[in-house]
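Per-entry structural report
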Amino acid sequence: MATSSLQEAAAFLESYSNAVAAVAGAVAPAVVRVEAARQRDRRHWGPGRARVGHGSGIVIDAEKGHVLTNFHVTRDSDKVKVTFSDGKEVDGDVLGTDAVSDLAVVKIPTGGLQATPLGDSDGLKVGQAVIALGNPDGDRVVVTAGIVSALGIELRGPSGRVMSGLIQTDALFNPGMSGGALINARGEVIGVNTASIMEAQGINLAIGSSTAKKIAEQLIAGGVKRPRLGIAGERTRIYEGLIKHHQLEVTHGITVHGVEDNSGAAAGGIQKGDIVISLDDHPVQGIDDLHRTLAGYKVGDEATITVIRELELLKLKVKLSGEG
């Protein structure tokens with residue numbers, strides 16, 4: 001390599017390194033360690049022993065002392081210990097949790113806090129440079145860098161439901177970085193670290209900040225409310241004859257095994273044994289499809305549910321109830 005080319009490359013790398021250090025350094029004071037002493041589980045632990053979970057968190061509001069982290073970090077806990085990179089420790093209360101999005105908000109004492117508000121992840125592009133921060137040990141902030149590898153990724157979360165719209169990055173999430181920040185080149189938090197799938201060649205996934213912001217606001221206000229039908233069921237293949245007879249464009253639906261009392265499904269006339277095949281114009285070929293579709297509705301919305309009942313095709317009006 002010619003001397004001039006080597007100098008240009010060195011200058012670029014030095015500039016990039018300095019930029020990463022500067023941006024990460026500006027956000028680092030708001031990234032904390034969160035340690036949760038979980039409730040005792042006598043199935044796996046002896047008397048008097050409790051499980052302990054830990055990860056990272058992000059101070060998102062200095063005036064109110066709000067820290068955002070993962071649900072799986074605070075699972076089964078109402079008290080946590082929060083440690084800053086300068087060694088300061090404070091006790092915190094778990095203000096609210098949401099297993100579906102794998103998010104939780106912790107309340108800590110105010111005073112001397114530095115916050116980093118959540119940015120807008122909706123405009124992210126594949127290939128965009130990102131930096132991941134976490135505080136796994138409490139005495140330092142760990143930093144890795146990379147790019148956005150993919151968008152719109154799905155992962156089955158701690159609730160058993162599929163988490164949609166996740167950000168995939170090659171910026172490595174080390175153990176204990178769950179709940180930490182994924183930031184862009186401007187130092188804006190555009191994701192909350194949630195999972196690292198090491199057996200899948202180190203795939204690292206983050207919850208988009210636009211989603212995290214909405215969930216955090218609801219948790220602070222008292223809890224997340226999602227629309228629901230109020231049925232229990234499983235994915236079922238529809239008989240070929242019914243598909244042809246009704247000229248259906250789907251091959252599977254949800255066979256209803258139970259209908260909750262006082263639910264929208266009960267009020268709308270959905271019965272045990274019905275096969276749900278669509279919600280308005282959206283095909284529903286399984287429980288995951290149903291959850292994805294319901295995410296576009298609000299509690300109290302009305303929807304037309306198409307079901308197969310024996311040989312009939314019925315359209316039922318249902319008012320979506322809410323869940324906490």
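1. Section: the overall build of the chain
Scanning the chain for helices and strands turns up 6 helices and 20 strands. On the principal axes, the C-alpha backbone points of the chain span a range of 75 × 60 × 40 Å. In the chain, buried positions account for 46% of the 324 residues. Accessible surface computed for the chain: about 16300 Å², of which carbon and sulfur atoms make up 50%.

2. Structural notes on the nonpolar core
Counting 28 residues, the largest nonpolar core has L68, L133 and I183 as the members making the most contacts within it. Filtering out sequence-adjacent residues up to four positions away, I183 remains in contact with V23, A24, V27, A129, V130, I131, L133, E188, V189 and I190. Membership of the second largest hydrophobic core comes to 19 residues, among which are I254, I270, L294 and A303.

3. Structural notes on the sheet that holds strand β8 (residues 142-156)
Taking strand neighbours around the barrel as the criterion, the 6 strands line up as β7-β8-β9-β12-β11-β10 in a closed arrangement whose pairing is antiparallel. Between one strand axis and the next, the sheet turns by 50 degrees as a mean value, whatever way the strands run. In this sheet, strand β12 (residues 203-208) lies alongside strand β11 (residues 189-197) in antiparallel orientation, the contact comprising 6 bridges. Considered in β12, the bridge of I197 is made with I203. Strands β11 and β12 of the sheet are contacted by helix α3 (residues 209-221), whose axis makes an angle of about 50 degrees with β12.

4. Some points on the pattern of salt bridges
Here the structure, examined in full by the defined rule, presents 13 salt bridges. The closest approach of N and O atoms between D93 and K79, which form a salt bridge, is 2.5 Å. Of this pair, D93 sits in strand β5 (residues 89-98) while K79 sits in strand β4 (residues 79-83); the two residues are 14 residues apart in sequence, bridging distant segments of the chain. For D93, a relative accessible area of 35% translates into the label partly exposed. What emerges from the salt-bridge pattern is a single network uniting R33, E35, K81 and E89.

5. Examining the confidence of the model for the chain
Predicted coordinates in regions of low pLDDT should not be interpreted in detail. Considering every residue of the chain, the mean pLDDT works out to 90; 93% of them sit at 70 or more. Here strand β20 (residues 321-323) stands out as the element of the chain with the lowest mean pLDDT, 76, in contrast to strand β3 (residues 66-69), whose mean of 98 is the highest. pLDDT under 50 marks residues 40-50. Its contacts with residues more than four places away, or in other chains, come to 8 contacts.

6. Focus: the environment of T110
The topology assignment puts T110 in the loop between β6 (103-107) and β7 (129-134). The partly exposed category is assigned to T110, whose relative accessible area is 43%. Counting along the chain gives 46 residues from T110 to K64, while the straight-line C-alpha distance between them is 6.4 Å. With residues up to four places along the chain from it excluded, the contact list for T110 reads A62, E63, K64 and G65.

7. Description of unusual backbone geometry
Despite not being glycine, Q247 shows a phi value in the positive range, around 55 degrees. For Q247, the location among the structural elements is in the loop between α4 (240-246) and β15 (252-259). The exposed category is assigned to Q247, whose relative accessible area is 71%. We note that N262 has phi near 60 degrees; this positive angle belongs to a residue other than glycine. Inspection of the secondary structure assignment puts N262 in the loop between β15 and α5 (264-268).

The rules behind the values
Residues numbered from 1 in each chain as written. Predicted model: local features only at pLDDT ≥ 70, side-chain atom pairs only at ≥ 80, totals over all residues. Heavy atoms only, no water. Helix = DSSP H or I, 4+ residues; strand = E, 2+ residues; numbered from the N terminus. Buried < 20%, exposed > 50% of the residue type's maximum accessible area, 1.4 Å probe, protein only. Areas by Shrake-Rupley, 256 points an atom, 1.4 Å probe, with all protein chains shown as cover. Core = buried A, V, L, I, M, F, W, Y, C linked by side-chain atoms within 4.5 Å. Contact = heavy atoms within 4.5 Å. Pairing = 2+ DSSP bridges. Axes fitted to C-alpha atoms, helices over the stretch in contact; angles between N-to-C directions. Salt bridge = Lys/Arg side-chain N within 4 Å of Asp/Glu carboxyl O. pLDDT = per-residue confidence, 0-100.

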